[in-house]
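Remarks on the overall topology
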Amino acid sequence: MTFQSVEFAAFLTVAAFIYWLAAERFKRYVLLLASYVFYATWSLPYTALLTILTIVTHRVGLIIGHGHGERQARRAVGFAIVGLVMVLAVFKYWKILLTIAAQIGPSFGLNHSSRTYDLIAPIGISYYIFKLISYVLDVYWERLPAQTSLIDFGNYVSFFPQILSGPIQRAGDFFRQHPGTHNPTLARMQRGLRLIVFGLFQKFVVADRIGLGVDQAFLHPRDSTSGQLLVAVYLFPWQLYADFSGLTDIAIGLGRLFDIESPKNFDAPFFAVDIADFWRRWHITLTTWLTDYLFTPLRLKLRSWGQLGLAIAVFANMIAIGVWHGAKWTFVLFGASSGILLVAAALTQRKRNQFYKRHPSLARARRITGPLLTFHLVAFSFILFRAASVSEAWHVFAHALPAYLHPGRLRVAIQELWHGGSQFAIIVAALLTMELCHLARRRALLGRWLYCRPLWLRWCVYYAAVSVVLFFGIYTTKTFIYVQF
Amino acid sequence: MDKEQQIREKLNVIFRNIFDDETLQIYDTMSAADVENWDSLTHINLIVAIEKGFKISMTTKEVQALSNVGELVRLVVRKLP
Amino acid sequence: MSSSDQALRADRSTRLAKTQAFAFCLIGIVLMFVINGALISGLRRLHNGDFGVWNALVAGDINADVLVIGASRALVDVDCEVVTKRLAQSCFDIGLDGSAYNLQQPLLETYLAHNRPPRIAIVSADIASLSNAREAYHPQQYLPYLDQPQVYERLKSLDPTLWWKQRYLPLYGFAHHGLSLTISAVQGLIKSPDSAAPTRVRGHLAVDLSWDGSFDNFMREVGDRGKIFPVEPAAIAHVAAMIRELRAGGAQVAIFYSPEWREMHRFELNRSEVLSSYRTVATSNGAVFLDYSDSPLSFDRSYFYNSQHMNRRGAILFSQVLSSDLAVLATRGAPTP
């Protein structure tokens, strides 16, 4: 079931009511059952995989955490990490492995059959395997006591609001909230529902509407004009942001209905002053995960290599971000290009800070020029993220640039991509509304604007919001971009 | 106690140097959230500077297990001969 | 205030909050049904375009003497004004764009449930139509008419959950089909001119286009191999059923294959099979087969805007020819099998 389906709404209502009405000692079982029922609607065999990995990792955690000695702990950690990474690699890079096997197989006397096996990766595997790896390492590094209850651990791994596409919550953060033991307050439930509606707004009114035009340009780049390509390059980051931010907000809102607070994934990414700042504000749970479990350990191992060690660690980190998204050269190059930019930023961090300390007026200007420059760097590197192949990415890049010389073409391009001006007007209005809401959330303005108003007014706003989601949403395109990862 | 005090003072100098802040004063519950420039990049610089400054060597596990400055102080004390 | 008073207060405020939540949901659901009903009735008040034809149909306002049934070729090729004038009988076109016979049959049955049976009925034949549609084209046009049992049953057989949801969940259809449908509904409610929809005169859609490039694209795609068009017994069964239903109402029935751009013929590898299937189903059910695919009109590209569809001028000329043949049919009566 996808989050926007009627079936999910029915499932959620039933699951939430049973959870709220259940006795305290049963709530954790209700939650676990709900998560597994949800996952099973996607695939029954893969539910078995999830179960097995959960049980094995739980056992490994107990071995590490319950004082069986450092050597045994280290072997258990190694076994778990290698095993989990291999499972992830097999399912995500299946096609590549098959191609390699097909090429080297004959030299071993294995004849490869002409049938190509298409393995659909288990849904959410990139997310829950990362949860499992982080748990094992956190227990090993003594940041967290091993979780004795298999039920509670199962709830952490399979928590259905987060399993499809994050946010990737840390075990400590999750268990600290005593999940599956109590109901949310009515206020928290309301906040959750409001966030769900806002998430649906971001995904279906903003992202999918932008996608109507942008998808067309990226699907057929050779048939698109330079104006269309440049417009697509500028708008795709917003589409991706609205899509994923919307999905994350729905997940956080759903979690609140079960009194679980999930970590946030975005923090006004397009206000970042430089590229390093951007990666601290975009897909936060993934980047902090990689920082804590890949970058920092690697950097520590290479610390005697000075700046070279730093560069390698940063680069490896960004390649990992790229490759995490899938087994395509475009993702590798995306990671590599982001890595180059980030290494440059990291190496010059100190000098830049000192420079701006000495020139305060330039520092003030930087608050505008910084985000503008960063946005351009991001938008152009995202071409690699979106394009179907490296050659198409190059085509988009090369052919979008000439449009800078003919700004008039952009207006024509907008008309062409969205078949008239009214769709685009809706997009602009929706984007402004979205950013206004994000601002209100960051500065806690909703208390003054909305929550203190009389009941009937608040209800009108809520009914209007739901209406906007129903009437202005685009529901005929298929899935969320980030569910496929 | 005297030895620990010396270690704290030396650490303070290192902290001020790494984070470019002459007014910085470390305390036991201080962590990355409390210092402006303290992120994953500068964290490693801090560790390297501490290892050089005290001529000690820390394992990955020991570093990753640290959660605040107090634990860092105790780790340095343990590591010193 | 004593602690028991405080507890009582807390308990009451929780109950109040829960009551408010319940009221919010209840009012919301009621609002959804009310708005849904209003929007549907707005669509039912439209006069132009496809909705206009549907609305006239279910209101029983058509009652045509000559009925044209089929898909897009029926819709654009037959100029009902011409036929009405020539035959001095009212002619109406209920052609359903992009449909196959499995959807035209329930439309016909709905027509017959509300309007008197026609005296003459013609069903359009196409090279690609002897194959059942797997899903509905332009699905939004069906939303206000899901209370028509034949239409609803057929749609449900194509996609059970989707059509059930559209019928019984308020606002589901409007969310699913997008803003333009809602705007049409609002226009119907406030009775503003439905400017977006092209006018269907007596159901006929006149297309003011000249030859476009789609046939050249088709030729490039298919190359020299040509294409074999499926001939499904299930589709033929629908045609037979329609003929029988029309004959039961006392109509003279003809299947007509309207003109088709001549160049297309060499790509239709099983053309003779398709034509003979139509001929067989027609004659074995008491209908006539009128084949205009080789008519002189098929040789002039200025009458077409692509290989399958005639433009306004072509439709007028074809309708004149068609009317003469229908006049003969009307006087001679159905051919004996």
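Quantities reported herein were computed from a predicted structural model and do not represent experimental measurements.

1. What to know about the overall build of chain B
Looking only at helices and strands, chain B features four helices and zero strands. Element order for chain B, N to C, with α for helix and β for strand: α-α-α-α. Relative to its length of 81 residues, chain B is compact, with a C-alpha radius of gyration of 12 Å against a globular reference of 12 Å. Along the three orthogonal principal directions, the C-alpha set of chain B runs to about 30 × 25 × 20 Å. Taking all 81 residues of chain B together, 20% fall into the buried category. The contacts in chain B between residues at least 6 apart in sequence include a share of 53% that link residues at least 24 apart.

2. Points about the overall build of chain C
Within chain C one finds 13 helices and five strands. Each principal axis of the C-alpha distribution contributes one length, and for chain C these read about 100 × 45 × 40 Å. Taking all 337 residues of chain C together, the buried fraction comes to 39%. Partitioning the contacts of chain C with sequence separation of at least 6, the portion at a separation of at least 24 is 81%.

3. Quick word on the sheet that holds strand E3 (residues 120-124) of chain C
All names here are of chain C. Sheet architecture is open: five strands sit in the order E2-E1-E3-E4-E5, paired in parallel fashion. Of all strands in the sheet, those bounded by a partner on one side alone are strand E2 (91-93) and strand E5 (288-291). Neighbour to neighbour, the strand axes of the sheet diverge by 20° on average, direction disregarded. The pairing of strand E1 (residues 66-69) with E3 spans four bridges and is parallel. Along E3, the bridge assignment pairs Val66 with Ile120.

4. Topic: the nonpolar core
Membership of the largest hydrophobic core comes to 212 residues, with the highest contact counts inside it found for Val136 and Leu342 of chain A together with Val68 and Ile94 of chain C. The dominant element in this core, judged by the number of residues it contributes, is helix H11 (residues 226-257) of chain A, at 18 residues. For this core, the domains that each give at least three residues are domain 1 (6-104 + 115-183) and domain 2 (188-484) of chain A. Contact partners of Leu342 of chain A, with chain neighbours within four places excluded, come to Ile275, Ala276, Trp279, Val314 and Met318 of chain A.

5. Some words on the interface of chain A and chain C
Facing ten residues of chain A, the contacting portion of chain C comprises 14 residues. Broken down by element, the residue count for the side of chain A that touches chain C peaks at five residues, all from helix H22 (residues 455-472) of chain A. Looking at the side of chain A that touches chain C residue by residue, the class counts come to nine nonpolar, one polar and no charged.

6. A closer look at helix H4 (residues 80-87) of chain C
Those residues of H4 of chain C not exposed but buried are Cys80, Val82 and Val83 of chain C. Projected onto a plane normal to the axis of H4 of chain C, the buried residues spread over an arc of 155° and lie on a single side.

7. Some words on the interface of chain A and chain B
In many reports, interface size means the accessible area that the parts give up when they come together. At the junction of the two partners, chain A supplies 14 residues and chain B supplies ten residues. Of the residues forming the side of chain A that touches chain B, the biggest block, seven residues, is contributed by helix H13 (residues 284-301) of chain A. Of the residues assigned to the side of chain A that touches chain B, the class counts are six nonpolar, three polar and five charged.

8. Thoughts on the arrangement of the chains
Across the two pairs of chains in contact, the largest number of contacts is found between chains A and B. Kept free of each other, chain B and chain C leave a smallest C-alpha distance of 38 Å between them.

9. Notes on the environment of Lys264 of chain A
Residue position: Lys264 of chain A is located in the loop between H11 and helix H12 (275-281). Distance in space between the C-alpha atoms of Lys264 of chain A and Ala251 of chain A is 9.9 Å, their sequence separation being 13 residues.

10. Notes on the pairing of E5 of chain C
Every second residue of E5 of chain C is oriented toward a common face, the buried set being Val288 and Leu290 of chain C and the non-buried set Phe289 and Asp291 of chain C. With helix H12 (residues 271-283) of chain C bridging strand E4 (residues 252-257) of chain C and its parallel neighbour E5 of chain C, the resulting β-α-β unit is right-handed.

11. Let's talk about the packing of helix H3 (residues 44-65) of chain A against helix H4 (residues 70-92) of chain A
Residue and element names in this part refer to chain A. Direction vectors running N to C along H3 and H4 enclose 160°, while the axes themselves pass 9 Å from each other. As far as their axial angle goes, H4 and H3 are roughly antiparallel. The chirality of how H3 crosses H4 is left-handed. Every residue of H4 that contacts H3 at Leu53, Thr57, Val60, Ile63 and Ile64 is listed here: Gln72, Ala73, Ala76, Val77, Ala80 and Val87. Taken together, the residues that form the contact of H3 with H4 break down as nine nonpolar, two polar and no charged.

12. Description of the confidence of the model for chain C
All names here are of chain C. Per-residue confidence for chain C averages 90 on the pLDDT scale, and 96% of its residues sit at or above 70. Here helix H10 (residues 214-222) is the element of chain C with the lowest mean pLDDT, 83, and E1 is the one with the highest, 96. Across the interfaces of the predicted complex, the ipTM metric reaches 0.86, alongside a pTM of 0.89.

13. Regarding unusual backbone geometry
Looking along the chain, the bond that leaves Gly166 of chain A and enters Pro167 of chain A is cis, with omega of 0°. Within the chain, His138 of chain C stands out as a residue other than glycine whose phi angle is a positive 50°. Note that His138 of chain C resides in the loop between E3 and helix H6 (149-158).

14. A few points about the pairing of E4 of chain C
Residue and element names in this part refer to chain C. Of all the six residues making up E4, six are buried; the element is thus mostly covered by neighbouring parts of the structure. Inspection of the sheet shows E3 paired to E4 by five bridges, in the parallel sense. Bridging from a neighbouring strand, Val123 pairs with Ile255 of E4.

15. Brief notes about helix H4 (residues 69-79) of chain B
All names here are of chain B. Within the sequence span of H4, burial applies to Val69, Leu72 and Val76. Buried residues of H4, seen end-on, are gathered within an arc of 50° and therefore sit on one face of the element. Residues of H4 that are buried in the fold lie against helix H1 (2-18) and helix H2 (40-54).

16. Points about the packing of helix H1 (residues 3-44) of chain C against helix H9 (residues 179-189) of chain C
All names here are of chain C. Where H1 meets H9, the axes come as close as 7 Å, and the angle between the chain directions of the two elements is 75°. Judged by the inter-axis angle, H1 sits roughly perpendicular to H9. Contacts from Ala38, Leu39, Gly42 and Leu43 in H1 reach Thr182, Ser184, Ala185, Val186, Gly188 and Leu189 in H9. The class makeup of the residues in the contact of H1 with H9 is six nonpolar, four polar and no charged.

17. Examining the environment of Ser180 of chain C
Residues and elements named next belong to chain C. Along the polypeptide, Ser180 turns up in helix H9. Ser180 sits in the exposed class, given 10 other C-beta atoms within 10 Å. Through-space distance from the C-alpha of Ser180 to that of Ile62 is 27 Å; in sequence the pair is 118 residues apart.

Rules used throughout
Residues numbered from 1 in each chain as written. Chains lettered and ligands numbered in written order. Predicted model: local features only at pLDDT ≥ 70, side-chain atom pairs only at ≥ 80, totals over all residues. Helix = DSSP H or I, 4+ residues; strand = E, 2+ residues; numbered from the N terminus. Rg over C-alpha atoms; globule rule 2.2 N^0.38 Å. Buried ≥ 20, exposed ≤ 12 C-beta atoms within 10 Å, placed from the backbone. Contact = placed C-beta atoms within 7 Å. Pairing = 2+ DSSP bridges. Axes fitted to C-alpha atoms, helices over the stretch in contact; angles between N-to-C directions. Core = buried A, V, L, I, M, F, W, Y, C linked by C-beta atoms within 7 Å. Domains from an automatic or database assignment. Nonpolar A, V, L, I, M, F, W, Y, C, P; charged D, E, K, R; others polar. Arc of directions from axis to C-beta. Right-handed = clockwise from strand over helix to strand, strands pointing away. Parallel < 35°, antiparallel > 145°, perpendicular 65-115°, else oblique. Left-handed = near helix turned anticlockwise from the far one by under 90°. pLDDT = per-residue confidence, 0-100.

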